[in-house]
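# Tertiary structure, described
Next come the chains, spelled out residue by residue.
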Amino acid sequence: MTKIETPEFQGTHLWDRLCWAKEKLEGKQSDYRVVWEDPDAPEECAKVTVPDPNWMACALQGGILPPVEVYWALAEDEAKPDFKKHTRGYLLHNTKPIEPMTEEQAIEYLIMKDIPQRVWRDYEKANRPRLVICKKDQLPSTRVWRNAWKIDENVNKSQEVA
Amino acid sequence: MANGTIAFDTLETTGNISGKTGVTATSTDADYLVQKCSARGKFPGDGASITESFNVSSLTDTNTGRQTPNFSSNFNTVNYSIGHSLYNNISEPYVGSQTTSSFLHYMYGDNNAYTDTQNCITLHGDMA
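Residues numbered from 1 in each chain as written. Chains lettered and ligands numbered in written order. Predicted model: local features only at pLDDT ≥ 70, side-chain atom pairs only at ≥ 80, totals over all residues. Heavy atoms only, no water.

The subject of this paragraph is the packing of helix H3 (residues 68-79) of chain A against helix H5 (residues 103-114) of chain A. All names here are of chain A. Where H3 meets H5, the closest approach of the two axes is 9 Å, and the angle between their N-to-C directions is 5 degrees. By the angle class used here, H3 and H5 are roughly parallel. Counting all contacts with H3, which are made through Val68, Tyr71 and Trp72, the residues of H5 involved are Tyr109, Met112 and Lys113. Per-class residue counts for the contact of H3 with H5 are five nonpolar, no polar and one charged. (Axes fitted to C-alpha atoms, helices over the stretch in contact; angles between N-to-C directions. Helix = DSSP H or I, 4+ residues; strand = E, 2+ residues; numbered from the N terminus. Parallel < 35°, antiparallel > 145°, perpendicular 65-115°, else oblique. Contact = heavy atoms within 4.5 Å. Nonpolar A, V, L, I, M, F, W, Y, C, P; charged D, E, K, R; others polar.)

Below, the structure is given as C-alpha coordinates:
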(Lines give C-alpha, C1' and ligand atoms only; values in the text may rest on other atoms or scores of the structure.)
Protein backbone atom coordinates (compact mmCIF):
# COMPACT_ATOMS: atom_id res chain seq x y z
CA MET A 1 0.00 0.00 0.00
CA THR A 2 1.34 3.41 -0.92
CA LYS A 3 2.07 5.57 2.07
CA ILE A 4 0.20 8.84 2.04
CA GLU A 5 2.47 11.84 2.27
CA THR A 6 1.55 14.36 4.91
CA PRO A 7 1.44 17.92 3.54
CA GLU A 8 3.59 20.57 5.19
CA PHE A 9 1.15 21.45 7.95
CA GLN A 10 3.11 23.86 10.09
CA GLY A 11 1.02 27.04 10.11
CA THR A 12 -2.19 25.21 9.13
CA HIS A 13 -5.02 25.27 11.66
CA LEU A 14 -5.03 22.00 13.59
CA TRP A 15 -8.76 21.57 12.96
CA ASP A 16 -8.09 21.68 9.21
CA ARG A 17 -5.37 19.07 9.58
CA LEU A 18 -7.86 16.82 11.35
CA CYS A 19 -10.27 17.25 8.44
CA TRP A 20 -7.49 16.17 6.08
CA ALA A 21 -6.66 13.18 8.24
CA LYS A 22 -10.29 12.14 8.56
CA GLU A 23 -10.58 12.03 4.80
CA LYS A 24 -7.22 10.51 3.95
CA LEU A 25 -6.25 8.19 6.80
CA GLU A 26 -7.82 4.98 7.96
CA GLY A 27 -8.59 4.88 11.67
CA LYS A 28 -6.45 2.67 13.86
CA GLN A 29 -8.25 0.88 16.69
CA SER A 30 -5.67 0.39 19.40
CA ASP A 31 -5.70 -2.56 21.78
CA TYR A 32 -4.02 -0.45 24.43
CA ARG A 33 -5.93 0.98 27.37
CA VAL A 34 -4.72 3.24 30.16
CA VAL A 35 -6.10 2.51 33.61
CA TRP A 36 -5.51 5.22 36.18
CA GLU A 37 -6.58 6.52 39.54
CA ASP A 38 -6.68 10.12 40.65
CA PRO A 39 -4.49 10.65 43.73
CA ASP A 40 -6.66 13.66 44.61
CA ALA A 41 -9.74 11.41 44.77
CA PRO A 42 -8.56 8.06 46.14
CA GLU A 43 -12.11 7.01 46.98
CA GLU A 44 -13.09 7.08 43.31
CA CYS A 45 -12.89 4.02 41.09
CA ALA A 46 -10.20 3.49 38.48
CA LYS A 47 -10.72 5.27 35.17
CA VAL A 48 -10.03 3.75 31.76
CA THR A 49 -8.85 5.83 28.82
CA VAL A 50 -9.19 4.54 25.27
CA PRO A 51 -7.37 6.25 22.38
CA ASP A 52 -9.43 7.53 19.49
CA PRO A 53 -8.86 5.64 16.20
CA ASN A 54 -8.63 8.82 14.11
CA TRP A 55 -6.27 10.43 16.57
CA MET A 56 -4.11 7.31 16.62
CA ALA A 57 -3.95 7.38 12.82
CA CYS A 58 -2.68 10.97 13.03
CA ALA A 59 -0.07 9.99 15.59
CA LEU A 60 1.21 7.11 13.48
CA GLN A 61 1.19 9.19 10.31
CA GLY A 62 3.24 12.08 11.73
CA GLY A 63 3.35 15.72 10.74
CA ILE A 64 -0.17 16.45 12.02
CA LEU A 65 -0.25 16.69 15.81
CA PRO A 66 1.54 19.42 17.75
CA PRO A 67 4.05 18.62 20.51
CA VAL A 68 2.32 17.74 23.77
CA GLU A 69 3.95 20.75 25.44
CA VAL A 70 1.59 22.96 23.46
CA TYR A 71 -1.39 21.44 25.25
CA TRP A 72 0.33 22.00 28.58
CA ALA A 73 0.82 25.67 27.73
CA LEU A 74 -2.86 26.06 26.91
CA ALA A 75 -3.86 24.20 30.07
CA GLU A 76 -1.66 26.56 32.10
CA ASP A 77 -3.43 29.54 30.56
CA GLU A 78 -6.82 28.01 31.24
CA ALA A 79 -5.95 27.34 34.87
CA LYS A 80 -5.47 31.03 35.56
CA PRO A 81 -8.37 32.52 37.52
CA ASP A 82 -8.93 35.34 35.02
CA PHE A 83 -9.02 33.01 32.00
CA LYS A 84 -11.73 33.92 29.50
CA LYS A 85 -10.46 32.64 26.19
CA HIS A 86 -7.29 31.29 24.66
CA THR A 87 -4.90 33.88 23.30
CA ARG A 88 -2.14 31.44 22.40
CA GLY A 89 -4.13 29.08 20.22
CA TYR A 90 -1.57 29.74 17.50
CA LEU A 91 0.73 27.39 19.36
CA LEU A 92 -1.43 24.51 18.18
CA HIS A 93 -1.12 25.58 14.57
CA ASN A 94 2.29 27.22 14.23
CA THR A 95 4.47 24.89 16.26
CA LYS A 96 6.26 22.33 14.16
CA PRO A 97 4.18 19.11 14.15
CA ILE A 98 5.72 16.01 15.63
CA GLU A 99 7.19 13.18 13.60
CA PRO A 100 5.51 9.75 13.25
CA MET A 101 5.22 7.84 16.49
CA THR A 102 4.96 4.15 17.26
CA GLU A 103 1.72 3.06 18.85
CA GLU A 104 3.48 2.80 22.21
CA GLN A 105 4.93 6.30 21.90
CA ALA A 106 1.49 7.57 20.96
CA ILE A 107 0.00 6.09 24.12
CA GLU A 108 2.67 7.83 26.20
CA TYR A 109 1.90 11.10 24.42
CA LEU A 110 -1.81 10.60 25.01
CA ILE A 111 -1.27 10.01 28.72
CA MET A 112 0.61 13.29 28.98
CA LYS A 113 -2.07 15.08 26.98
CA ASP A 114 -5.36 13.75 28.34
CA ILE A 115 -4.61 12.52 31.86
CA PRO A 116 -3.92 15.01 34.67
CA GLN A 117 -0.24 15.56 35.40
CA ARG A 118 -0.75 14.72 39.07
CA VAL A 119 -1.54 11.17 37.93
CA TRP A 120 1.41 10.43 35.68
CA ARG A 121 4.18 12.67 36.98
CA ASP A 122 6.47 10.54 39.18
CA TYR A 123 3.84 7.80 39.13
CA GLU A 124 6.53 5.12 39.46
CA LYS A 125 7.53 6.58 42.83
CA ALA A 126 4.04 6.34 44.30
CA ASN A 127 3.47 3.89 47.15
CA ARG A 128 0.79 2.14 45.13
CA PRO A 129 0.21 1.84 41.39
CA ARG A 130 -1.97 4.60 39.99
CA LEU A 131 -1.32 4.25 36.27
CA VAL A 132 -1.16 1.11 34.15
CA ILE A 133 -0.93 0.67 30.39
CA CYS A 134 -2.47 -2.63 29.39
CA LYS A 135 -4.18 -4.46 26.56
CA LYS A 136 -7.96 -4.39 26.49
CA ASP A 137 -8.19 -8.14 27.07
CA GLN A 138 -6.46 -7.66 30.43
CA LEU A 139 -9.50 -5.77 31.68
CA PRO A 140 -12.60 -7.54 33.02
CA SER A 141 -14.87 -8.50 30.14
CA THR A 142 -17.95 -7.14 31.90
CA ARG A 143 -18.33 -3.70 33.43
CA VAL A 144 -21.22 -4.62 35.73
CA TRP A 145 -19.15 -3.73 38.82
CA ARG A 146 -17.38 -0.94 37.02
CA ASN A 147 -17.73 1.63 39.78
CA ALA A 148 -15.81 -0.62 42.18
CA TRP A 149 -12.76 -1.11 39.99
CA LYS A 150 -9.40 -0.35 41.55
CA ILE A 151 -5.93 -1.03 40.21
CA ASP A 152 -4.58 -4.27 41.58
CA GLU A 153 -1.75 -3.40 43.96
CA ASN A 154 0.12 -6.45 42.72
CA VAL A 155 -0.32 -5.43 39.13
CA ASN A 156 3.36 -5.90 38.37
CA LYS A 157 3.17 -9.48 39.57
CA SER A 158 0.07 -10.58 37.75
CA GLN A 159 -1.58 -10.15 34.39
CA GLU A 160 -4.85 -8.93 35.88
CA VAL A 161 -5.07 -5.16 35.92
CA ALA A 162 -8.30 -4.31 37.71
CA MET B 1 -47.74 49.83 -1.12
CA ALA B 2 -45.49 49.29 -4.03
CA ASN B 3 -44.97 45.76 -5.20
CA GLY B 4 -41.41 44.69 -4.86
CA THR B 5 -39.60 42.51 -7.34
CA ILE B 6 -36.78 40.12 -7.03
CA ALA B 7 -34.30 40.11 -9.83
CA PHE B 8 -32.75 36.70 -9.76
CA ASP B 9 -29.97 37.65 -12.05
CA THR B 10 -28.62 39.95 -9.37
CA LEU B 11 -28.13 37.14 -6.89
CA GLU B 12 -24.59 35.97 -6.67
CA THR B 13 -22.65 33.49 -4.64
CA THR B 14 -19.37 34.51 -3.18
CA GLY B 15 -17.88 31.08 -3.65
CA ASN B 16 -16.97 30.97 0.01
CA ILE B 17 -18.60 29.88 3.19
CA SER B 18 -17.28 31.66 6.19
CA GLY B 19 -16.66 29.24 8.96
CA LYS B 20 -13.94 28.25 11.33
CA THR B 21 -10.99 30.45 12.01
CA GLY B 22 -8.75 30.39 9.01
CA VAL B 23 -11.09 28.22 6.98
CA THR B 24 -12.84 29.00 3.74
CA ALA B 25 -14.54 26.52 1.51
CA THR B 26 -16.38 26.68 -1.76
CA SER B 27 -20.14 26.30 -1.63
CA THR B 28 -19.82 22.85 -3.15
CA ASP B 29 -17.28 21.59 -0.66
CA ALA B 30 -19.39 18.79 0.78
CA ASP B 31 -16.58 17.47 2.93
CA TYR B 32 -16.37 20.76 4.72
CA LEU B 33 -20.09 20.78 5.37
CA VAL B 34 -20.02 17.26 6.74
CA GLN B 35 -17.24 18.16 9.12
CA LYS B 36 -18.59 21.54 10.04
CA CYS B 37 -19.30 20.66 13.64
CA SER B 38 -16.30 21.35 15.79
CA ALA B 39 -16.16 17.87 17.25
CA ARG B 40 -18.38 14.83 17.42
CA GLY B 41 -18.41 11.30 18.67
CA LYS B 42 -20.45 8.15 19.12
CA PHE B 43 -19.57 6.07 22.15
CA PRO B 44 -20.86 2.76 23.46
CA GLY B 45 -22.41 2.72 26.89
CA ASP B 46 -19.50 1.07 28.63
CA GLY B 47 -17.05 3.62 27.25
CA ALA B 48 -14.74 0.82 26.23
CA SER B 49 -14.23 2.03 22.67
CA ILE B 50 -15.02 4.81 20.22
CA THR B 51 -17.44 4.00 17.43
CA GLU B 52 -17.16 7.19 15.36
CA SER B 53 -15.59 10.54 15.97
CA PHE B 54 -13.99 13.73 14.76
CA ASN B 55 -11.59 15.96 16.73
CA VAL B 56 -11.54 13.50 19.62
CA SER B 57 -8.22 12.28 20.97
CA SER B 58 -9.49 9.85 23.58
CA LEU B 59 -12.42 8.83 25.73
CA THR B 60 -12.09 8.21 29.45
CA ASP B 61 -14.58 5.88 31.07
CA THR B 62 -14.69 7.77 34.34
CA ASN B 63 -17.26 5.62 36.13
CA THR B 64 -20.59 3.95 35.46
CA GLY B 65 -22.65 6.39 33.38
CA ARG B 66 -19.85 8.95 33.25
CA GLN B 67 -17.57 9.54 30.27
CA THR B 68 -14.98 12.20 29.44
CA PRO B 69 -14.26 12.85 25.76
CA ASN B 70 -10.97 14.70 25.17
CA PHE B 71 -10.45 16.87 22.10
CA SER B 72 -7.53 17.01 19.68
CA SER B 73 -7.99 20.71 18.89
CA ASN B 74 -9.00 22.93 21.79
CA PHE B 75 -12.00 25.20 21.80
CA ASN B 76 -11.32 28.88 22.31
CA THR B 77 -13.52 29.19 25.39
CA VAL B 78 -15.46 26.89 27.68
CA ASN B 79 -18.73 28.21 26.23
CA TYR B 80 -19.04 25.86 23.27
CA SER B 81 -22.36 24.13 22.70
CA ILE B 82 -22.83 20.46 23.40
CA GLY B 83 -25.62 18.45 21.85
CA HIS B 84 -26.09 14.84 22.82
CA SER B 85 -28.43 12.01 21.98
CA LEU B 86 -28.84 8.93 24.11
CA TYR B 87 -29.87 5.42 23.21
CA ASN B 88 -31.77 4.77 26.41
CA ASN B 89 -34.46 6.40 28.50
CA ILE B 90 -32.19 8.52 30.63
CA SER B 91 -33.98 11.06 32.76
CA GLU B 92 -31.15 13.40 33.63
CA PRO B 93 -28.27 13.56 31.19
CA TYR B 94 -26.05 16.54 31.87
CA VAL B 95 -22.57 17.88 31.34
CA GLY B 96 -20.02 19.17 33.81
CA SER B 97 -16.36 20.06 34.24
CA GLN B 98 -16.39 21.77 30.85
CA THR B 99 -12.90 22.85 29.78
CA THR B 100 -11.60 23.84 26.35
CA SER B 101 -10.18 20.35 25.90
CA SER B 102 -12.76 18.04 27.48
CA PHE B 103 -16.00 17.76 29.42
CA LEU B 104 -17.63 15.24 31.70
CA HIS B 105 -20.77 13.61 30.34
CA TYR B 106 -23.15 12.30 32.99
CA MET B 107 -25.97 9.87 32.21
CA TYR B 108 -28.30 9.63 35.17
CA GLY B 109 -31.09 7.10 34.74
CA ASP B 110 -34.69 6.64 35.81
CA ASN B 111 -33.54 4.17 38.44
CA ASN B 112 -31.90 7.06 40.31
CA ALA B 113 -28.45 5.84 39.41
CA TYR B 114 -25.86 6.52 36.76
CA THR B 115 -26.41 4.23 33.80
CA ASP B 116 -24.11 3.19 30.96
CA THR B 117 -25.76 4.32 27.76
CA GLN B 118 -24.62 4.47 24.18
CA ASN B 119 -24.48 8.14 23.26
CA CYS B 120 -23.63 10.60 20.52
CA ILE B 121 -22.27 14.10 21.00
CA THR B 122 -21.92 17.04 18.64
CA LEU B 123 -20.05 20.16 19.67
CA HIS B 124 -20.06 23.60 18.12
CA GLY B 125 -17.90 26.55 19.03
CA ASP B 126 -14.96 28.70 18.08
CA MET B 127 -11.70 26.83 17.97
CA ALA B 128 -8.54 28.08 19.69
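A few words now on the interface of chain A and chain B. Of the residues lining the interface, 38 residues belong to chain A; the matching set on chain B comes to 42 residues. Between chain A and chain B the total buried area reaches about 3000 Å² when both faces are included, carbon and sulfur atoms providing 51% of it. Counting the surface chain A buries against chain B, the share from its top three residues, Trp15(A), Lys22(A) and Arg143(A), is 22%. Across the chain A-chain B interface, the total number found is three salt bridges. Put simply, the parts of the chain that give the side of chain A that touches chain B at least two residues each are helix H1 (14-24), strand E1 (32-36), strand E2 (47-51), helix H2 (53-61), H3, helix H4 (90-94) and H5 of chain A. It is H1(A) that provides the largest number of residues to the side of chain A that touches chain B, a total of seven residues. A per-class count over the side of chain A that touches chain B returns 17 nonpolar, eight polar and 13 charged. Bridge count between E2(A) and strand E5 (residues 56-63) of chain B: four bridges; the pairing is antiparallel. (Buried area = accessible area lost by both parts, 1.4 Å probe. Salt bridge = Lys/Arg side-chain N within 4 Å of Asp/Glu carboxyl O. Pairing = 2+ DSSP bridges.)

Let us now look at the sheet that holds strand E4 (residues 52-54) of chain B. Residue and element names in this part refer to chain B. The strand order across the open sheet built from four strands is E4-E3-E10-E7, with neighbouring strands paired in antiparallel fashion. Strand pairing shows two members of the sheet lacking a second neighbour, E4 and strand E7 (81-86), which therefore form its edges. Here the strands of the sheet are splayed against their neighbours by 15 degrees on average, with no regard to which way each runs. Across five bridges, strand E3 (residues 39-43) lies against strand E10 (residues 119-124) in antiparallel orientation.

It is worth spelling out the nonpolar core at this point. Counting 51 residues, the largest nonpolar core has Trp55(A), Tyr109(A), Ile115(A), Leu131(A) and Leu123(B) as its most contacted members. Ranked by residues supplied to this core, first place goes to H1(A) with six residues. Grouped together as the second largest cluster of nonpolar side chains are nine residues, Ala46(A), Cys134(A), Ile151(A) and Val155(A) included. (Core = buried A, V, L, I, M, F, W, Y, C linked by side-chain atoms within 4.5 Å. Buried < 20%, exposed > 50% of the residue type's maximum accessible area, 1.4 Å probe, protein only.)

Let's shift gears to H1(A). Most of H1(A) sits out of view: eight of its eleven residues are buried. The set of residues buried in H1(A) consists of Leu14(A), Trp15(A), Asp16(A), Arg17(A), Leu18(A), Cys19(A), Trp20(A) and Ala21(A).

Here we come to the pairing of E1(A). The two faces of a sheet get side chains in turn, since along a regular strand they alternate between them. All names here are of chain A. With respect to burial, E1 is a largely interior element, five of its five residues being buried. What you see with E1 is no split at all: Tyr32, Val34 and Trp36 on one side and Arg33 and Val35 on the other are buried throughout. Judged from the five bridges that link them, E1 and strand E3 (residues 131-135) form a sheet pairing that is antiparallel. Looking at the pairing, Val34 lines up with Ile133 of E3. Direction of pairing for E1 relative to E2: antiparallel, over a ladder of three bridges. Within E2, the residue paired with Val35 across the bridge is Val48.

Looking now at the environment of Pro97(A). Residues and elements named next belong to chain A. Looking at the secondary structure, you find Pro97 in the loop between H4 and H5. Owing to a relative accessible area of 9%, Pro97 belongs among the buried residues under this scheme. For the pair formed by Pro97 and Val68, sequence separation is 29 residues and the distance between their alpha carbons is 9.9 Å. With sequence-adjacent residues up to four places away left out, Pro97 is seen in contact with Phe9, Gln10, Arg17, Gly63, Ile64, Leu65 and Pro66.

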